[in-house]
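# Results of the structural survey
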Amino acid sequence: MQRTVRSTLRPLLAGALALGATLIACEEGPPPGEQVVVPEDVRRLPAPPARPVCDPEAALDPGAALPRRLTRLEYRNSVRDLLGLDVDPSIHFPPEEQSLGFDNNARSLQLTPLHAEGYLAAAEDLAARYIERIDSWMPCPELDRGVDAQAEQRDCAARIVGELARNAWRRPITEAEQSRLMALYDMGPELEGPAFEAGLTVVVEALLQSPNFLFRVEVGQPDPARPGMHRLDDHEVASRLSYLIWRSTPDTQLQAAADAGALRTAEQLEAQARRMMADPRAREAWWTFFAQWLHLDELDGLVRDPSYHPGFGEAQRRYMHDSARAFVEHAVWDAHDLRRLFDGPFRHPDDPPHVGERRGILAQPALLAVTSTPVMTNPVYRGVFVREQILCAPLAPPPPGLAVVAPDPDPNLTTREQFAQHSDDPTCAGCHVLTDPIGFGFEHFDAVGNWRVQQNGHAVDAAGELVSTWDADGAFYGLDELSAMLATSAQVHDCVATQLFRYAYGRGEGEGDACTRVRLVERYVDAGYDFEAMVVALVTDPSFGLRRGVDE
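The following refers to the structure shown. It should be emphasised that the depicted structure is a prediction, and the values quoted were computed from it without experimental measurement.

### Some remarks on the layout of surface pockets
In this structure, the second largest pocket encloses a volume near 730 Å³. Lining the second largest pocket are 27 residues, and of these Leu-73, Asp-103, Thr-288, Gln-292 and Asp-300 sit closest to its centre. The set of elements that each furnish at least two residues to the lining of the second largest pocket consists of helix H2 (72-83), helix H12 (280-293) and helix H13 (314-334). At seven residues, the largest contribution of residues to the lining of the second largest pocket is made by H12. Counted by class, the lining of the second largest pocket contains nine nonpolar, six polar and twelve charged residues. Summarising the domain contributions, the lining of the second largest pocket has at least three residues from each of domain 1 (9-15 + 286-488) and domain 3 (68-216).

### Quick word on the sheet that holds strand S4 (residues 229-231)
An order of S3-S4-S11 is seen for the three strands of this open sheet, with the pairing classed as antiparallel. The open sheet has two edge strands, strand S3 (221-222) and strand S11 (546-548), and neither has a second partner. Where S3 and S4 come together, two bridges link them in antiparallel fashion. Bridge assignment links Pro-222 to a residue of S4, and that residue is His-230.

### Description of the pattern of salt bridges
Overall, the coordinates contain 34 salt bridges when judged by the stated rule. Here Asp-103 and Arg-247 are joined by a salt bridge, their closest N and O atoms 3.1 Å apart. Placement of the pair is Asp-103 in the loop between H2 and helix H3 (113-132) and Arg-247 in the loop between helix H9 (234-245) and helix H10 (252-259), with a sequence separation of 144 residues. The exposure class of Arg-247 is buried, given its relative accessible area of 0%. Ionic pairing is found between Arg-523 and Glu-270, a salt bridge with its closest N-O pair at 3.4 Å. Residue Arg-523 is located in helix H21 (residues 514-526), and its partner Glu-270 is located in helix H11 (residues 266-277); the two are separated by 253 residues in the primary sequence. One continuous salt-bridge network, built from bridges that share partners, spans Arg-283, Glu-284, Arg-325, Glu-329 and Asp-334.

### A short note on empty space enclosed by the protein
Applying the stated rule across the entire model yields two cavities of 30 Å³ or more. When its volume is computed, the largest cavity comes out at roughly 180 Å³. What lines the largest cavity is a set of 21 residues, and nearest its centre among them are Ala-64, Ala-65, Leu-66, Tyr-505 and Arg-507. Of the residues contributing to the lining of the largest cavity, the split by class is nine nonpolar, four polar and eight charged. A domain-level breakdown of the lining of the largest cavity finds at least three residues from each of domain 2 (46-65 + 230-278 + 499-552) and domain 3 (68-216). Computed from the structure, the second largest cavity encloses a volume of approximately 30 Å³. What lines the second largest cavity is Arg-68, Glu-74, Asn-104, Arg-216, Tyr-243, Leu-244, Tyr-503 and Ala-504. For the lining of the second largest cavity, the residue count by class is four nonpolar, one polar and three charged. Here the lining of the second largest cavity gathers at least three residues from each of two domains, domain 2 (46-65 + 230-278 + 499-552) and domain 3 (68-216).

The rules we used
- Residues numbered from 1 in each chain as written.
- Predicted model: local features only at pLDDT ≥ 70, side-chain atom pairs only at ≥ 80, totals over all residues.
- Heavy atoms only, no water.
- 1 Å grid on protein atoms, 1.4 Å probe; cavity = no way out; pocket = protein on both sides within 12 Å on 5 of 7 lines; lining within 4 Å.
- Points joined across faces, edges and corners; volume = space filled by probe spheres on them.
- Helix = DSSP H or I, 4+ residues; strand = E, 2+ residues; numbered from the N terminus.
- Nonpolar A, V, L, I, M, F, W, Y, C, P; charged D, E, K, R; others polar.
- Domains from an automatic or database assignment.
- Pairing = 2+ DSSP bridges.
- Salt bridge = Lys/Arg side-chain N within 4 Å of Asp/Glu carboxyl O.
- Buried < 20%, exposed > 50% of the residue type's maximum accessible area, 1.4 Å probe, protein only.

Quick look at the structure:
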């Protein structure tokens, strides 16, 4: 009796997924804790952290490289580039948990039974659709697929399997791996349908559910020149490059460079990085970095109370998204100057004539909306956003047992007046002095980003103050002045580099990363705050191709 592909592969793939779960569990300890701002002496101007001594001859400590499961986006992109197919949108994958602000942090990319079910369903669907199109891609177009040509069919299948496995697993495969995959192909006569197509179907399913596809495993080899360090091999470096810049699998050109050993010098890595940054896929991939860092990805779930914001819906949400993306991409890809991200001019088409130009990402309707509540603006949210996302100065958590609840809208008071009363409690005041004066500077913009000069019959007061920063302390009025202060702050641009580091490596920064981060900032600033220059600095840094040994 013939068996189905599902019943044949289930035990095999369950074992493979269990191996993946084991890999992801091999961690070396919790990520380094962030330095937080505590309420004591908050008005004291802190000095920037001491610059580390970065001796070029000193030993590098690039940190451990934990196996990273592909995110939902990376999985879909990889399938698209591998098979030319889109994943069926009805197939459910659990959403990633964000850690340190990003969805690709290794510690958050766990594997659950829901993931296994989704991978199984997706692999079955993708394999069936891919084999249905076999005539459009098969490398043996003259092959006789009759029952009397099984030897020729197997030769063709071996060629297909070898190429698919290499591309799916992002590296050359061993003879033993090829043999195991061909053993799956040989099950074809026992399965439903023509043996050739059935055998290939089961192989494609296996490839798509292997840890070699679902995880970015970076092993490397011990580096004799650096005790305790492992140097990634050429194909591991190619994958690290590709998933950083494209969030997808390496293309043919990058694989060829890995085959040729042409990813070992800074010049070679820079050439590939610049080529890849010029590809349209880079814009799509890097948008996810900016959207997560700046919380713009929260727009998808944004709701506004219709009694306060009648008519808000999908059209306005879509406009907010498009406006924010166009603004970010202009700073990154056109101006090549991230100072423009913080104080570049733009104008909302719905703004009245007296508003003039808005300046910087903080004035984007999308950001103003996601830092508000459904019924009102929230100076605390907005102040926390600036401190944590723009200054990388996270706050200490509130005291245990303290209920942190925003006030309800009061039709007789401005938001500023309500929050001034709300933070009068001495228990709260120490932290609120760090956040509320920043958030008050946003008050000319309501919870959907519309300009206002009055609220509840009272004039809006947008006076604010930055305190406890390296180099940007001072009073300001409104977002134009705040944005100008942030655009020239060394702390802000150091934070940009920190956010990029966390996103690129999928982990928090540690003491051993200090010199790497210094080099990122220096190249970024020297290039006129060019984001691409910072990406190039990251991939050409000596630490990019290294990882700490698992026993170190």
